[in-house]
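Examining the three-dimensional arrangement
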Amino acid sequence: MTRKVTKAVFPVAGLGTRFLPATKSIPKEILTLVDRPLIQYAIDEARAAGITEFIFVTARGKSALEDYFDAAPWLETSLAEAGKTELLETLKNTTMPSGAIAYIRQHQALGLGHAVWCARRLIGDEPFAVILPDDVIAAEVPCLQQMVEAHAETGGNMVAAMEVPADRISAYGVLDVGAEKGRLLRTRGMVEKPGADQAPSRYAVIGRYILTPQILSNLGTMKTGAGGEIQLTDAIAEEIRVSGNVYGYLFDGERFDCGSKGGFLKATIAFALQRDDLRDELMDFLSQITQGVRIAAE
Ligand code: G1P
């Protein structure tokens, strides 16, 4: 039987330079889509998939993340005294039971593979998930939950996959695929950010992974790869070579690249349009500005 996945790693050490100057003083994972920080989406998705231990790989300047997941007794008391029960409710998902969340520092920015490797002692000898909070996925069944369900059947390693246009493929880890069975892709290889003419397919890896501890051993011996960084992709590719035990999973859902400004804005609009309290106002506004009507400032 496949062992249950209960631990997830959240690599959050990146500098977020694409969102400067905002990220000069706040971690990009705290930037909000409507009113929830990016990291909250990632944590909620992990919880829905049965994750109970959360491992953050952080860096200097990221302590706002630790505060975010801490209890805030003064805030809770003042909301309770003011009878603001709905707001109190929204705070519930932001706290963690003591011991459920751990923070490890990545002391040098050596790449995603290195960040995941930094968590090896906390993961030990069991399968684990990795969630990249930049990739926000809107889905009826949260993406990692879909994968955990599929993984219960397959075991091994699994990466989220999505077809992307040929002119975007070199921004991703790319799968070389064999047989396709429903949403499952058998893999023959995986390459990080290949040139457009070298990409083995148009199946890009998206930031959700379920990995075996063997990947951590592989990472321990990895040399630098694409972009001069230690790549998670290379450690997974090694596993494909040695055991062939890696699946791509074509998830059902819409992925937003919140590591880019365009993707972040699209996600903001998409999530706002799902909200009963914002939809009508935003729709009006969007239809007016797209028709070139000038909006007077309120
Ligand atoms: C990372 C991974 C890449 C993956 C991508 C998904 O790249 O290295 O394999 O396709 O996330 O978002 P990054 O976007 O951090 O450069």
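Note: the structure precedes this text.
Residues numbered from 1 in each chain as written. Predicted model: local features only at pLDDT ≥ 70, side-chain atom pairs only at ≥ 80, totals over all residues. Heavy atoms only, no water.

1. With respect to the overall build of the protein chain
Each helix and strand in the protein chain was counted, giving 11 helices and 13 strands. Against the globule reference of 19 Å for 298 residues, the protein chain gives a C-alpha radius of gyration of 20 Å, in line with a compact fold. With the C-alpha coordinates aligned to their principal axes, the bounding extent of the protein chain is approximately 60 × 50 × 35 Å. Pairs at least 24 apart in sequence give 74% of the contacts found in the protein chain among residues at least 6 apart. Entry remark: accessible area of the protein chain is about 15500 Å², with carbon and sulfur atoms responsible for 51%. Side-chain charges of the protein chain comprise 31 positive and 38 negative groups, with the mean position of each set lying 6 Å from the other. (Helix = DSSP H or I, 4+ residues; strand = E, 2+ residues; numbered from the N terminus. Rg over C-alpha atoms; globule rule 2.2 N^0.38 Å. Contact = heavy atoms within 4.5 Å. Areas by Shrake-Rupley, 256 points an atom, 1.4 Å probe, with all protein chains shown as cover. Lys, Arg positive; Asp, Glu negative; His and termini not counted. Charge placed at Lys NZ, Arg CZ, Asp CG, Glu CD.)

2. So, the environment of Ile 55
Following the sequence through the fold, Ile 55 ends up in strand 4 (residues 53-58). You can call Ile 55 buried: its relative accessible area is 3%. Once the C-alpha coordinates of Ile 55 and Arg 3 are considered, the two residues, 52 residues apart in sequence, prove to be 19 Å apart. Excluding anything up to four places from it in sequence, Ile 55 contacts Ala 8, Val 9, Phe 10, Ala 102, Ile 104, Ala 119, Leu 122 and Ile 123. (Buried < 20%, exposed > 50% of the residue type's maximum accessible area, 1.4 Å probe, protein only.)

3. Considerations on the state of the cysteines
For the coordinates displayed, the defined rule picks out 0 disulfides. Here Cys 258 stays unpaired: no disulfide links it, and the sulfur of Cys 143, its closest cysteine neighbor, is 14 Å away. (Disulfide = S-S within 2.5 Å.)

4. Regarding the side chain of Glu 29
Position of Glu 29 among the secondary structure elements: in the loop between strand 1 (7-11) and strand 2 (32-33). The buried category is assigned to Glu 29, whose relative accessible area is 3%. Among the polar contacts made by the side chain of Glu 29, one reaches the side chain of Lys 62 at a distance of 2.8 Å. Once residues within four sequence positions are removed from consideration, Glu 29 is found in contact with Val 12, Pro 37, Leu 38, Ile 39, Lys 62, Leu 65 and Pro 133. (Polar contact = N/O pair within 3.5 Å; in protein donor to acceptor, adjacent residues only side chain to side chain.)

5. Considerations on the site of the ligand
In the region of the ligand, 13 residues are neighbours, and Asp 135, Gly 173, Glu 192, Lys 193 and Val 205 sit closest. Val 205 places a polar main-chain atom, nitrogen or oxygen, 2.5 Å from an oxygen atom of the ligand. Within the contact set of the ligand, an oxygen atom lies 3.4 Å away from a side-chain nitrogen or oxygen of Thr 233. Alone, the ligand offers 380 Å² of accessible surface; in the complex the protein occludes 75% of this. The element that contributes the greatest number of residues to the shell around the ligand is strand 11 (residues 203-211), accounting for 3 residues. (Near = heavy atom within 4 Å.)

6. Points about the side chain of Lys 28
As for its placement among the helices and strands, Lys 28 is situated in the loop between strand 1 and strand 2. If sequence neighbours within four positions are ignored, Lys 28 has contacts with Gly 16, Thr 23, Leu 38, Lys 62 and Asp 134.

7. Quick word on the pairing of strand 10 (residues 184-192)
A regular strand carries its side chains on alternate faces of the sheet. Looking at chain direction, strand 9 (residues 173-181) and strand 10 are connected through 7 bridges and run antiparallel. Within the sheet, the bridge partner assigned to Val 174 lies in strand 10 and is Val 191. As consecutive antiparallel partners, strand 9 and strand 10 are separated by 2 residues, and within that stretch Gly 182 has a phi angle of approximately 60 degrees, a positive value. In the sheet, strand 10 pairs with strand 12 (residues 246-250) via 3 bridges, with the strands oriented antiparallel. When the bridges of strand 12 are listed, Leu 185 appears paired with Gly 248. (Pairing = 2+ DSSP bridges.)

8. Quick look at the packing of helix 8 (residues 214-221) against helix 9 (residues 232-242)
For the pair helix 8 and helix 9, the least separation of the axes is 9 Å and the interaxial angle reads 115 degrees. Like other packed secondary-structure pairs, helix 8 and helix 9 cross with a definite hand, here right-handed. Residues Gln 214, Ile 215, Asn 218 and Leu 219 of helix 8 form the contact with helix 9, whose participating residues are Leu 232, Ala 235, Ile 236, Glu 238 and Glu 239. Of the residues belonging to the contact of helix 8 with helix 9, the class tally is 5 nonpolar, 2 polar and 2 charged. (Axes fitted to C-alpha atoms, helices over the stretch in contact; angles between N-to-C directions. Left-handed = near helix turned anticlockwise from the far one by under 90°. Nonpolar A, V, L, I, M, F, W, Y, C, P; charged D, E, K, R; others polar.)

9. Examining the pattern of salt bridges
In this structure the tally under the stated criterion is 15 salt bridges. Between Lys 62 and Glu 29 there is a salt bridge whose closest N-O contact spans 2.8 Å. Placement of the pair is Lys 62 in the loop between strand 4 and helix 2 (63-68) and Glu 29 in the loop between strand 1 and strand 2, with a sequence separation of 33 residues. One continuous salt-bridge network, built from bridges that share partners, spans Arg 3, Lys 7 and Glu 126. (Salt bridge = Lys/Arg side-chain N within 4 Å of Asp/Glu carboxyl O.)

10. A short note on the environment of Ala 139
Secondary-structure assignment places Ala 139 in the loop between strand 7 (135-138) and helix 7 (143-154). Taking relative accessible area as the criterion, Ala 139 reaches 29% and is therefore assigned partly exposed. Considering only alpha carbons, one finds Ala 139 and Arg 255, 116 residues apart in sequence, at a separation of 8.6 Å. When near neighbours in sequence (up to four residues on either side) are disregarded, Ala 139 contacts Gln 146, Asp 252 and Gly 253.

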